[in-house]
Amino acid sequence: MRRRQQPPLPKRFGLDPARLRLPEDGTWATIRDHLVERLPRVDPARIDEMLASGAIVDLDGPIAPDAPYVPGGAVWFHRDLPEEIEVPFAIDVVHRDETLLVIDKPHFLATIPRGSHIRQTALVRLREELDLPDLIPAHRLDRVTAGLVLFVIDPARRGAYQTMFHRRVVRKEYEAVAPYDPDLALPRTVRSRIVKEKQVLAAYEVDGEPNAETEVELLEHRDGLGRYRLRPHTGRTHQLRLHMNGLGVPILGDEFYPEITDKPVTDFTRPLQLLAATLEFTDPVTGAPRRFRTRRTLRAWTDYAGWAGAAE
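Residues numbered from 1 in each chain as written. Predicted model: local features only at pLDDT ≥ 70, side-chain atom pairs only at ≥ 80, totals over all residues. Heavy atoms only, no water.

Asks: Where do I start with the side chain of Thr294 in this structure?
Replies: Tracing the chain through its elements places Thr294 in the loop between strand 15 (289–293) and helix 6 (299–302). By relative accessible area, which is 8% here, Thr294 ends up buried. One polar contact links Thr294 to Asp104, side chain to side chain, over a distance of 2.8 Å. Contact partners of Thr294, with chain neighbours within four places excluded, come to Asp104, Leu148, Leu275, Ala276 and Ala277. (Helix = DSSP H or I, 4+ residues; strand = E, 2+ residues; numbered from the N terminus. Buried < 20%, exposed > 50% of the residue type's maximum accessible area, 1.4 Å probe, protein only. Polar contact = N/O pair within 3.5 Å; in protein donor to acceptor, adjacent residues only side chain to side chain. Contact = heavy atoms within 4.5 Å.)

Right under this line is the structure:
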C-alpha cells in the first residue's frame, strides 16, 4: 500500500496544509506565476506576501518569490481562514479510550470544516482542545442537529469504523419534538424517494423507488406537542426532517421544512429540535457490543417557553 506523503508544514488550528501539485506540462516561468493563475480568488499581493514570509514551501523548505517553475513538483501552504462567529456551546465528551471518542455535539456546530465553517467545527475544536491531531469522524451530523458523533483516535483503525456506517450496521435512534396530531397513526414506517441537488439547500421527495426509510414512534405528548423516536434505516440528506414534514408534523425549529426561512447562521436561538440520541454497534475491532446514549435533552420538551424565545 502506498504511504501518504507527510506534509512539510505542521497542522495549524488542527488543519493540514493545502497541497498543490504542479502540472507536468506547465510552462510558467516561476511558481509564483502558476499560483497567481491557479488561485484566482487569492489576491496576487497576498501570494507575494506569503512567498516573502516563507509561508509557501516545498519538500526542501520555503520557496523564493522568484523560484523557477518545477513541472511535477508540489507546494504546501495554509489557506487564509474566513472570519467566524464563535459557536457559544461546549462539546461534551461521552466516552474516550485509546481508539474511540464519542461526543455530544451541540446544535449549530458543524461536524467537519466546510464552506465558511472551519475552526468553529467539532473536528477542529476537538483536535485543538484535546490535542488529538489525527482525530477523524467516522460519520457526520448536520450542523443544526445535536447529539452523538463517533470519532476515531487511532489512525490505523479509521477504516474499520467508517465502514460500519457505510454498511449501515450501526443502529441509530433520534429524538424529535414536533406538533402532536391525534389523527396520525403511529408507530409507522415511512418510505420515500429523496433527491438532493448540489447548490440547492433543501432536499425533496419524488415519485419512484424508495431510497429512504424511517421508523416513527410517538413516545409521549402534551400541550399540543409530541416527543418522537425516529429510527432511520437509510442515511439520505435531511431524511428525518423530510419524513416528519411529510407526515404533517414538521420538527420544531426546522429552517427548511415546510419552507426555507431566512435565518442568519449567527442566530443561535430556536435550534432544530432533533437529537441523535443513541449509537449501538458491534465493535469491528474487538467484537464487543457498544452502546452510547446522549446526555442532552431537547429544550422544546423540557422548557418550551424558554426554548421559544432564547438560545439553546
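Further notes follow.
Asks: Quick question: what am I supposed to make of the nonpolar core here?
Replies: In globular proteins that are soluble, nonpolar side chains generally tend to be buried together. By size, the foremost hydrophobic cluster in this structure holds 35 residues, and its most contacted members are Phe151 and Leu230. For this core, the secondary structure elements donating two or more residues are strand 6 (100–105), helix 3 (122–129), strand 8 (146–152), strand 9 (171–179), strand 13 (225–232), helix 5 (239–246) and strand 14 (274–282). Setting aside residues no more than four positions away along its own chain, Leu230 makes contact with Lys172, Glu173, Tyr174, Ala176, Thr214, Glu215, Val216, Leu240, Met244 and Leu274. (Core = buried A, V, L, I, M, F, W, Y, C linked by side-chain atoms within 4.5 Å.)

Asks: How should unusual backbone geometry be read in this particular structure?
Replies: Both trends apply: most residues other than glycine have a negative phi, and most peptide bonds are in trans. Cis rather than trans, the peptide bond between Leu186 and Pro187 has omega equal to 0°. Mapped onto the secondary structure, Pro187 falls in the loop between strand 9 and strand 10 (188–195). Here the bond from Tyr257 into Pro258 is cis, since omega is 15°, no more than 30 degrees from zero. By the element assignment, Pro258 lies in the loop between helix 5 and strand 14. Of note in this structure, Arg270 is not a glycine but carries a positive phi near 50°. Structurally, the position occupied by Arg270 is in the loop between helix 5 and strand 14.

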